[in-house]
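Understanding the architecture of this molecule
Now for the letters of each chain:
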Amino acid sequence: MTSHPLKYMPHIDGLRCIAVMAVLLFHFGVPGLGGGYVGVDVFFVISGSLISSLSVGERTATGRFDFASFYARRVRRILPALIATLIATSLFAWLILTPAELVAYGKSLAAASLSLSNLQFWMESGYFDTASQTKPLLHIWSLSVEEQFYLVWPALLYFCYRIRGAEGLFWGIVIAGLASFGANHLAVTAQNIGYRSDLFFLPHFRVFEFAIGALGFYLIR
């Protein structure tokens, strides 16, 4: 196998568009699209492929991986849109929400700023959880999962490749994916209280989706 630099792939943007529309139409309650939420899962698979290609492509092309440059690019790509979203949402929240709801919103705003939205909403889930309509930043949970993924995945791939080359890279992806999928299976089998929220919000239950994308990249590199 030979490595090649990452190039623009229009079909990936097309897949992103389909995923976004599926999620939007699902939230609008369009008949026949009750499963549109899987668009989020599609995004995680795409991210697994793209981030793996960036990490491995730079490592194989230059013999090193510039973590500082990688994270600077992620910040430049994500932060402007995130800040604009948080400001606009906060303005509407101030006008619409009740004082009690604004207190909860303030917590979610702080969590979103620190890329911890998924953990915040996970801690709030349960019998006494409030309606999603009173949580304007609920959709940020998936971005937080991705940002947490960015912190771990490039380092994992770097060390796997450094230790055993392409073989280490392959088995690193496979083992991480299988461990995550196994954790999902055990959680569903046990069906402890709150396991659905665990599977939805906690990042280690989502790693297998990123691994699917990473494995797809590995197979075509």
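Residues numbered from 1 in each chain as written. Predicted model: local features only at pLDDT ≥ 70, side-chain atom pairs only at ≥ 80, totals over all residues. Heavy atoms only, no water.

Some words on the layout of surface pockets
In this model, the second largest pocket occupies a volume close to 260 Å³. Contributing to the lining of the second largest pocket are 13 residues, with Val75, Ile78, Ser115, Glu147 and Tyr150 lying nearest its centre. At the level of elements, helix H3 (67-96) and helix H6 (141-190) are the ones that each hand at least two residues to the lining of the second largest pocket. Sorting elements by how many residues they give to the lining of the second largest pocket places H3 first, with six residues. Class assignment of the residues belonging to the lining of the second largest pocket gives a composition of nine nonpolar, two polar and two charged. (1 Å grid on protein atoms, 1.4 Å probe; cavity = no way out; pocket = protein on both sides within 12 Å on 5 of 7 lines; lining within 4 Å. Points joined across faces, edges and corners; volume = space filled by probe spheres on them. Helix = DSSP H or I, 4+ residues; strand = E, 2+ residues; numbered from the N terminus. Nonpolar A, V, L, I, M, F, W, Y, C, P; charged D, E, K, R; others polar.)

So, the pattern of salt bridges
Under the criterion given, the structure shown has five salt bridges. Residue Arg164 pairs with Glu167 through a salt bridge whose shortest N-O separation is 3.1 Å. You can see Arg164 and its partner Glu167 sitting in helix H6, three residues apart, about one turn around the helix. Taking relative accessible area as the criterion, Glu167 reaches 43% and is therefore assigned partly exposed. (Salt bridge = Lys/Arg side-chain N within 4 Å of Asp/Glu carboxyl O. Buried < 20%, exposed > 50% of the residue type's maximum accessible area, 1.4 Å probe, protein only.)

Some details on the environment of Leu109
Along the polypeptide, Leu109 turns up in helix H4 (residues 99-113). The spatial distance from the C-alpha of Leu109 to the C-alpha of Ile78 is 16 Å, given a sequence separation of 31 residues. Non-local contacts of Leu109, meaning those with residues more than four positions away in its chain, are made with Leu86, Ser90 and Leu137. (Contact = heavy atoms within 4.5 Å.)

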